[in-house]
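Structural characterization, general
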Amino acid sequence: SSRFVLKRLLLLVPVLVGVASLVFSILHLSPGDPALTIAGERASEEFVKQVEESLGLNDPIWVQYGRFIADAAQFQFGESFIIQRNTTVREVLVNKLPVTLELAIYGQLIGVFLGIPLGILSAVKQDSITDHLTRIGALAGISVPIFWSGPLLILLFAQVLGVLPTSGRISVLYNVEAIRVTGLVTVDTLIAGEWDMFVSAVRHMILPASVIGVYSMALISRMMRSSMLEVIRQDYIRTARAKGQGAKITVLKHGFRNAMIPVITVIGIQFGGLLGGAVLTETVFAIGGIGTLLVEAIKVGDYPIVQGTVLTFAFLFTLVNLGVDITYSILDPRIEQ
Amino acid sequence: MTAAPDHSADERPPLSEQLGVRLRLVGTALVAGVVVATVSVVAATVLSDPTASVETAFALGSLLFGFGLLGWSGAVALGRGIESMQETLDTQTGWTEPDARRAMARIIGFGLGVMLGTMFVGSVVLGLA
Amino acid sequence: ETKTTTETTTGTGERGLIDRVTASPFVSKLLSNRLALAGIAIIVTMVVVAIYARLFISLDAITQSQLGTNPNRAAPSLEYLFGTDGQARSLLPRVAYGAWYAMLFGTVTVAASTTLGVGLGIIAAYYGDVTDNVIMRTMDVLLAFPSLLLALALVAIFPDDLGLWRAVAALTLVYTPRFARVVRGAALTVLENEYIDATIALGATDPRVLVRHVLPNCLAPITVQSTLNFGLAIIDLAALSFLGFGAAAGTPSWGLMLSNGVSQGLLTGVWWWSFFPGFFLALTVLGFNLLGDGMRDALDPRMRE
């Protein structure tokens, strides 16, 4: 119901205040000096003082805290110090967020649409060769780090076989900025009706999305398998089978919906891991999203960007889990009182 | 943002009693935070630069406060999911949502206490304002 | 009763422990597990390589540019088994030295987080109630963060002149909760035993009870957790180096070599820059995972699905 959704939406407030407080404290506990970073190492003392003044670094810390939280609540982080000088953080994020979002969406889709069938297959054919292969494959998928599997796939598919592009989001021949609507290249090219561009964007997406999707696939298939086994063991499936329906249909009809409930919650929880994986995947495939942006910002000490990115990550994670929660309550109406 | 508002109205004792328990929980931690902050900031001031110690203490307080808030909302938002995940994957650790919320309420209270204590010492005693 | 007396007498406690470990079904079960044995073989090999590299390979020689002496960007050949890099340095000794870095920093990370986690877990289990709840729920929140993102946030707190130690410090904090959780569970089971109550009634002090009675009985789960985390620590340390938050430029660490291979080798098809460091990284991690899984099965067969 809408009241339930509203309650869940309200949770965004403590999440964001919490994250903002964490970011604030980390920035104040970390050794860098923001005024010095902006002014540059060789700036005069006066100039550094001036910068301190303009950033409000001379106010008592609780005043700074209050201002920080108030700004964060409005997603107002000022301008980037270093990475894109004189650009507001908001603008930088608007540019970079869709890149990561697109990667995460396709990665998640691969994870869900491969993980769920594999999990069901594993459960239905419990202890068969298919089952063992699926599980070993999933384990191997997690053991190999993204920053090795990525390069290997690039070498194989791009360099040796030459069937897929190496890096980036779309061929450099195309100007996606001109047709930008959502920022997701696979969507924008479709909206513009540019079929060739769309194909190029999809081809660029295949490798990075697979690399990142393997992780969610492994967890989802494991969860689906044990959840499905649980449901199969339950009585009513046996009764249904006794009534003479085909085994396969029984499993799918009765088991699937119930087995999905715990799986859906996992999809939400592992979304955080997916965002973490995005940082590495973006680096390997030279896709400039908010993952690489965060890494760069931490490296050079661009604090406004760090704040903005971290808050965006938290926001995304919470939103996805909100969606999961709502789906959950639709699947299992007992939850909602 | 003190006593974090509760969204899950299950079958529980009457509202006033619930509120009382919560206030005591957060309040005790808050007082502890104020005391710890006051003592440590005053002690640190004797040894080093007052502004720096006030800033560090306040930052640590906001670290705890933020951590607690995040943990609290995480428990509320994901609690059911985590419980069912542990059940399905057979990795029960005795984690329950109410337990987690109670622990986080204490941390929130303590962190807030540290922030308030530092603010008090900083503005009244040391005259940073 | 007899158990208590032998363990409280100084000296014999330790030997009794070793005897118990070698005679335990845990070890014999572990040694009959082929995958675990493969894991042990891999780990032993990597440790030998690491020690060999530390003793017989000069760090200076493999860090400095070898332009002019060696061919530049040479593909793997008999002379340069793993090829050479952009500074004409042979990759073989560099990859071997990477094993030393992985083992050294992995050990420190795991040892530090084990110590912290064991301390927190035992305290939580022993004192129970509010202490337990606050410690463990805090650990849960830390566990809920994606480990790499949490490590990135923590790395920012430490000064960057710490180099790889900064990554070690951050990851130590990231892994501590896992140990705390495992140890708390194990300690709780021990504390339920009646002889513990008897020892306390006889006037043993808290630290004495914890160190003498609780800790030894938690060793098996701690070892399993440490082994599994060793693999993770090696991956995460490499990941942080890969992203530029670890080893200083030129250092022969696997993560850094991979980063170089990806940023400069991939587009030109220089596959050996990323292949070899990554291969040994993945192999080492696999070794620890196989051993850790085997240990977990040997410890508690019910945990096997």
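Computed from a prediction, not measured in an experiment: that's the story for all the values here.

Another point: the overall build of chain B. Broken down by element type, chain B carries three helices and zero strands. Reading the helices (α) and strands (β) of chain B from amino to carboxyl end gives α-α-α. Here the contacts in chain B between residues at least 6 apart in sequence split such that 76% fall between residues at least 24 apart. Surface exposure of chain B reaches about 6,100 Å², of which carbon and sulfur atoms provide 68%.

This paragraph deals with the packing of helix H11 (residues 206-243) of chain C against helix H12 (residues 254-265) of chain C. Residue and element names in this part refer to chain C. It is the contact of H11 with H12, at a shortest axis distance of 7 Å, that shows an interaxial angle of 45°. Looking at the two axes, H11 sits oblique to H12. Handedness of the crossing formed by H11 with H12: right-handed. Residue-level inspection shows Ala-238, Ser-241 and Phe-242 of H11 in contact with H12, the latter providing Gly-255, Leu-256, Leu-258, Ser-259 and Val-262. When grouped by side-chain class, the residues that make up the contact of H11 with H12 number five nonpolar, three polar and no charged.

Counting 149 residues, the largest nonpolar core has Phe147(A), Leu152(C), Leu240(C), Leu243(C) and Trp254(C) as its most contacted members. Considering every element that reaches this core, the biggest residue donor is H11(C), with twelve residues. Setting aside anything within four residues of it in sequence, one finds Leu243(C) in contact with Val279(A), Leu280(A), Thr283(A), Val295(A), Lys299(A), Leu148(C) and Leu152(C). In this structure, Ile120(A), Leu229(A), Val263(A) and Tyr328(A) belong to the second largest nonpolar core, which totals 20 residues.

So, about empty space enclosed by the protein. Residue and element names in this part refer to chain C. The final tally for this structure, using the stated rule, is six cavities of 30 Å³ or more. Roughly 110 Å³ of volume is contained in the largest cavity. Ala-102, Leu-237, Ala-238, Ser-253 and Trp-254 are the residues nearest the centre of the largest cavity, which is lined by 13 residues in total.

A word on the packing of aromatic side chains. Enumeration over the complete set of coordinates arrives at 25 aromatic pairs over all chains. Ring centres of Trp62(A) and Phe58(B) lie 6.3 Å apart, and the angle between their planes is 55°; this geometry places the pair in the tilted category. With one member in each of two chains, Trp62(A) in helix H5 (residues 61-73) and Phe58(B) in helix H2 (residues 50-88) form a pair that bridges those chains. For Phe58(B), a relative accessible area of 1% gives the class buried. Grouping aromatic residues by their ring pairs yields a cluster made of Trp148(A), Phe82(C), Trp271(C), Trp272(C), Phe275(C), Phe276(C), Phe279(C) and Phe280(C).

The next thing to look at is the interface of chain B and chain A. Between chain B and chain A, the residue contacts involve 33 residues of the former and 35 residues of the latter. The tally of links between chain B and chain A comes to zero salt bridges. At the surface where chain B touches chain A, the tally comes to zero residue pairs in polar contact (both at pLDDT 80 or more). Taken together, the elements giving at least two residues each to the side of chain B that touches chain A come down to H2 and helix H3 (97-125) of chain B.

This part takes up the interface of chain B and chain C. Between chain B and chain C, the residue contacts involve 14 residues of the former and eleven residues of the latter. Summed over the shared surface of chain B and chain C, the number is zero salt bridges. At the surface where chain B touches chain C, the tally comes to zero residue pairs in polar contact (both at pLDDT 80 or more). Among the secondary structure elements, those contributing two or more residues to the side of chain B that touches chain C are H2 and H3 of chain B. When residues in the side of chain B that touches chain C are grouped by element, the largest group, seven residues, is from H3(B). In the side of chain B that touches chain C, the residues fall into seven nonpolar, four polar and three charged.

What follows is about the layout of surface pockets. The volume enclosed by the second largest pocket comes to roughly 980 Å³. Taken together, 36 residues make up the lining of the second largest pocket; nearest its centre are His28(A), Pro34(A), Leu55(A), Leu57(A) and Gln64(A). Of all the secondary structure elements, the ones that give two or more residues to the lining of the second largest pocket are helix H2 (12-29), helix H4 (45-55), H5 and helix H15 (303-331) of chain A together with H2 of chain B. Examining the composition of the lining of the second largest pocket, we find that six residues originate from one element, H5(A), more than from any other.

Turning our eyes to something else, we now look at the environment of Ala105(B). Residue and element names in this part refer to chain B. Summarising the element assignment, Ala-105 is placed in helix H3. Judged by relative accessible area, which is 13%, Ala-105 ranks as buried. Measuring from C-alpha to C-alpha, the distance between Ala-105 and Val-35 comes to 18 Å, with 70 residues separating the pair along the chain. Those residues in contact with Ala-105 that sit more than four places away from it in its chain are Leu-25 and Val-26.

Let us now look at the environment of Ala96(C). Looking at where Ala96(C) falls in the secondary structure, it is placed in helix H6 (residues 91-127). Residues Ala96(C) and Ala204(C), spaced 108 residues apart in sequence, show a C-alpha to C-alpha distance of 50 Å.

Right, let's get into the UniProt feature "transmembrane region" (unreviewed entry) in chain B. All names here are of chain B. Taking the UniProt record as the reference, the feature "transmembrane region" (unreviewed entry) is found at residues 25-46, 58-78 and 107-128. Secondary structure within residues 25-46 divides into 100% helix and 0% strand; the distance between the first and last C-alpha atoms comes to 33 Å. In the segment residues 58-78, helix accounts for 100% and strand for 0%; the C-alpha atoms at its two ends are 29 Å apart.

Another point: unusual backbone geometry. A positive phi angle is found at Phe75(A), which is not glycine, with a value near 55°. Phe75(A) gets classed as partly exposed once you look at its relative accessible area, which sits at 21%.

This next bit is on a nonpolar patch on the surface. All names here are of chain C. There is a patch of nonpolar side chains on the surface, built from Val-47, Ile-51, Tyr-52, Leu-55 and Phe-56 and spanning about 520 Å² of accessible area. Structurally, Tyr-52 is set in helix H4 (residues 34-56). The class for Tyr-52 is partly exposed, based on a relative accessible area of 48%.

In a structure, side chains of opposite charge can pair up when their charged atoms sit close to one another. Residue and element names in this part refer to chain C. Under the criterion given, the structure shown has ten salt bridges over all chains. Note that Asp-132 is salt-bridged to Arg-184, the shortest N-O span being 2.7 Å. One end of the pair, Asp-132, is in helix H7 (residues 129-144); the other, Arg-184, is in helix H9 (residues 164-191), with 52 residues separating them in the sequence. The exposure classification of Asp-132 matches that of Arg-184, with both residues buried.

With that settled, consider the side chain of Asn229(C). Residue and element names in this part refer to chain C. Relative to the helices and strands, Asn-229 resides in helix H11. Judged by its relative accessible area of 2%, Asn-229 is buried. Each residue touching Asn-229, except ones within four places of it in the same chain, is listed here: Val-110, Tyr-175, Arg-178 and Phe-179.

Calculation criteria
Residues numbered from 1 in each chain as written. Chains lettered and ligands numbered in written order. Predicted model: local features only at pLDDT ≥ 70, side-chain atom pairs only at ≥ 80, totals over all residues. Heavy atoms only, no water. Helix = DSSP H or I, 4+ residues; strand = E, 2+ residues; numbered from the N terminus. Contact = heavy atoms within 4.5 Å. Areas by Shrake-Rupley, 256 points an atom, 1.4 Å probe, with all protein chains shown as cover. Axes fitted to C-alpha atoms, helices over the stretch in contact; angles between N-to-C directions. Parallel < 35°, antiparallel > 145°, perpendicular 65-115°, else oblique. Left-handed = near helix turned anticlockwise from the far one by under 90°. Nonpolar A, V, L, I, M, F, W, Y, C, P; charged D, E, K, R; others polar. Core = buried A, V, L, I, M, F, W, Y, C linked by side-chain atoms within 4.5 Å. Buried < 20%, exposed > 50% of the residue type's maximum accessible area, 1.4 Å probe, protein only. 1 Å grid on protein atoms, 1.4 Å probe; cavity = no way out; pocket = protein on both sides within 12 Å on 5 of 7 lines; lining within 4 Å. Points joined across faces, edges and corners; volume = space filled by probe spheres on them. Phe/Tyr/Trp six-rings, centres within 6.5 Å; stacked < 30°, edge-to-face > 60°. Salt bridge = Lys/Arg side-chain N within 4 Å of Asp/Glu carboxyl O. Polar contact = N/O pair within 3.5 Å; in protein donor to acceptor, adjacent residues only side chain to side chain. UniProt positions renumbered as here; feature names shortened; annotations may be inferred. Patch = residues over 30% accessible without salt bridge, like charges linked within 9 Å, V, L, I, M, F, W, Y side chains within 5 Å.

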